[in-house]
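# Notes for the structure review
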Amino acid sequence: MTWGPNFLYYPCPACGHRFKYAEDMIPVFGEKYGQCPQCGTMGTFEKSGARTPDDAQYPEVGDD
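Notes on the structure follow. (Residues numbered from 1 in each chain as written. Predicted model: local features only at pLDDT ≥ 70, side-chain atom pairs only at ≥ 80, totals over all residues. Heavy atoms only, no water.)

### Observations regarding the pairing of strand β2 (residues 18–22)
In summary, the side chains of a regular strand alternate between the two faces of the sheet. Counting buried residues along β2, 4 of its 5 residues qualify, which places the element largely inside the surrounding structure. Following strand β1 (residues 7–11), the chain reverses through 6 residues before pairing antiparallel with β2; G16 in that reversal takes a positive phi of roughly 85°. (Buried < 20%, exposed > 50% of the residue type's maximum accessible area, 1.4 Å probe, protein only. Helix = DSSP H or I, 4+ residues; strand = E, 2+ residues; numbered from the N terminus. Pairing = 2+ DSSP bridges.)

Dropping the structure here:
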């Protein structure tokens, strides 16, 4: 059984935007992994998991 992708959840310390990255996207984003998609500031790691209860409050980066 699979729970889907694992996500790393971040709030941005500069603009307050919440976002998440799928863990398997580390090679795709490289050094930009963890950066806020709105302002480019490195996010503050908050938590990780397959899907947390408040998942909808964190848009996925790259999910355009």
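### Re the pattern of salt bridges
Evaluation of the coordinates by the stated rule reveals 3 salt bridges. D54 serves as the salt-bridge partner of K47, at 2.7 Å between the closest nitrogen and oxygen. According to the relative accessible area criterion, D54 is partly exposed, its value standing at 23%. In the salt-bridge network here, residues are joined through shared partners; they are K20, R51 and D55. (Salt bridge = Lys/Arg side-chain N within 4 Å of Asp/Glu carboxyl O.)

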